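A closer look at the structure
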Amino acid sequence: MAGYERSPAVSPHDGAAPKRDPAPWRLRPSTADDAAWIAELRAEVMRPDLERLGRFDPDRVRQRFLNAFVPEFTSVIEASGAGEAVGASKAVGASEPPGAPESPGSPAPDEDRTHLALGVIAVRPEPDALWIEHFYLAPSQQGHGLGSAVLQHVMREHADERPFRLDVLQGSPARRLYERHGFEFEREDEVDVFLVRAPDVNMLR
């Protein structure tokens, strides 16, 4: 898509924190109203790696997302009243069309609950690949299995004959998560490592 700037999927590592089952979660379609808080989350999540690489600029890291954000490619990860939320709380169903699918294991819609935003993930289709981008989780949600659960679900939902591709910052612990899910090294430069996962016939519906 013209004007869409690639953004690395850098954050949802399942590293040193003790494992626990992730809270019930679901995905909802993002809207233009989500842009501001996602930009703030991106700055928070990417800061440690960008500072390590000597490339952190608080204005640039936000503006790059705002310039690249395409709501129709992006989903917000929500949990029902659980964990440290980012962005505004939203009533269940307030931002999605009737009958929107729920993620596996997530609670059924309930008007007495709120869904709290815990992160975001995007899948950008290209003719030769599906790019996983803007995959950011609130820091309190990292390291407990949510990143793995969301990644597996999104890949199943989008699987076709194209490979999945993504990039991570050099030295990012997120690389371990992706490699555990079948991504392999493709190429690198001084800032990014590019990973690819071949199409999996078991994922095709």
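Owing to the predicted nature of the structure, the values given are computational and were not obtained by experimental measurement.

On to the packing of aromatic side chains. Summed over all chains, the structure comprises two aromatic pairs. Ring centres of Tyr 178 and Phe 183 lie 5.9 Å apart, and the angle between their planes is 75°; this geometry places the pair in the edge-to-face category. Sitting over the ring of Phe 194, Arg 187 keeps its end group 3.8 Å from the ring centre.

The phi dihedral of His 134 falls on the positive side, at around 50°, and the residue is not glycine. Position of His 134 among the secondary structure elements: in strand S5 (residues 129–137).

Now for the confidence of the model for the protein. Averaged over all residues, the pLDDT of the protein equals 81, while 71% of them reach at least 70. Of all secondary-structure elements in the protein, the lowest mean pLDDT belongs to strand S3 (residues 90–91), at 31, while strand S8 (residues 192–197) reaches the highest, 98. Predicted confidence for residues 1–6 stays below pLDDT 50, and this span has 21 contacts to residues more than four positions away or in other chains. The low-confidence segment residues 87–112, where pLDDT is below 50, has 44 contacts with residues more than four positions distant or belonging to other chains.

Once that is clear, we can look at the pairing of strand S7 (residues 184–188). With four bridges joining them, S7 and S8 adopt antiparallel strand pairing. Each bridged residue has a counterpart across the sheet, and for Glu 184 the counterpart in S8 is Val 196. Linkage of S7 to S8, two consecutive antiparallel strands, is achieved through a turn of three residues.

Conventions used here
- Residues numbered from 1 in each chain as written.
- Predicted model: local features only at pLDDT ≥ 70, side-chain atom pairs only at ≥ 80, totals over all residues.
- Heavy atoms only, no water.
- Phe/Tyr/Trp six-rings, centres within 6.5 Å; stacked < 30°, edge-to-face > 60°.
- Lys NZ or Arg CZ within 6 Å of the ring centre and 35° of its normal.
- Helix = DSSP H or I, 4+ residues; strand = E, 2+ residues; numbered from the N terminus.
- pLDDT = per-residue confidence, 0-100.
- Contact = heavy atoms within 4.5 Å.
- Pairing = 2+ DSSP bridges.

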